[in-house]
Amino acid sequence: MGETRRRFDPDFRAGAVRIVRETGKPIAQVAKDLGINAGTLANWAQMDRLAREQDTNGGELAESEREELARLRRQRTEWAKERAELEMERDVLKRSVVLWVREAMGR
């Protein structure tokens, strides 16, 4: 029979991560004290760290990130135009092949 997965409520997760953050104890030690897997607690701590990093940025991009985003958007627009042109060329070639085949078969 398979094992059932334990589910932890968000308050427990937040508390466990807060213990790691505030006490400075190793994740393995806190996990052992709480009776949970160290990998699970490490995942929670990483998600918390990433969320905090996003919050400190305020959701705003740095100047270099804005420039990169603008460059990528311009490139995407250029590629979309190029793709549309290539699709038109492909369609013309398909039609010409159909006409050539019909002519070759004597229809």
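Remember, it's a predicted structure, so these values are computed and weren't measured experimentally.

A. Here's a closer look at helix α1 (residues 10–23). With 14 residues, α1 extends 20 Å between its outermost C-alpha atoms, agreeing within 8% with the 20 Å of an ideal straight helix rising 1.5 Å per residue. All of the buried residues in α1 are G15, A16, V17 and V20. Within two residues after α1, G24 carries a phi angle of roughly 75°, on the positive side.

B. Local environment of the packing of aromatic side chains. According to the stated counting rule, one finds three aromatic pairs in the structure shown. Seen from their ring centres, F8 and F12 are 5.1 Å apart, and the 15° between their planes marks the pair as stacked. With a relative accessible area of 28%, F12 lands in the partly exposed category. Taking the centre distance of 5.4 Å and the plane angle of 75° together, the rings of F8 and W44 count as edge-to-face. You can see F8 sitting in the segment before α1 and its partner W44 sitting in helix α3 (residues 38–57), a full 36 residues away along the chain. Accessibility classification places F8 together with W44 in one group, the buried group.

C. Structural context of the pattern of salt bridges. As enumerated under the stated definition, the model contains six salt bridges in all. For E87, the salt bridge is made with R83, and the minimal N-O distance between the two is 3.2 Å. With a gap of four residues between them, E87 and R83 both fall in helix α4 (residues 63–104), about one helical turn apart. By sharing partners, the salt bridges in this structure join R21, D48 and R52 into a single network.

Conventions and cut-offs
- Residues numbered from 1 in each chain as written.
- Predicted model: local features only at pLDDT ≥ 70, side-chain atom pairs only at ≥ 80, totals over all residues.
- Heavy atoms only, no water.
- Helix = DSSP H or I, 4+ residues; strand = E, 2+ residues; numbered from the N terminus.
- Expected span 1.5 Å × (residues − 1).
- Buried < 20%, exposed > 50% of the residue type's maximum accessible area, 1.4 Å probe, protein only.
- Phe/Tyr/Trp six-rings, centres within 6.5 Å; stacked < 30°, edge-to-face > 60°.
- Salt bridge = Lys/Arg side-chain N within 4 Å of Asp/Glu carboxyl O.

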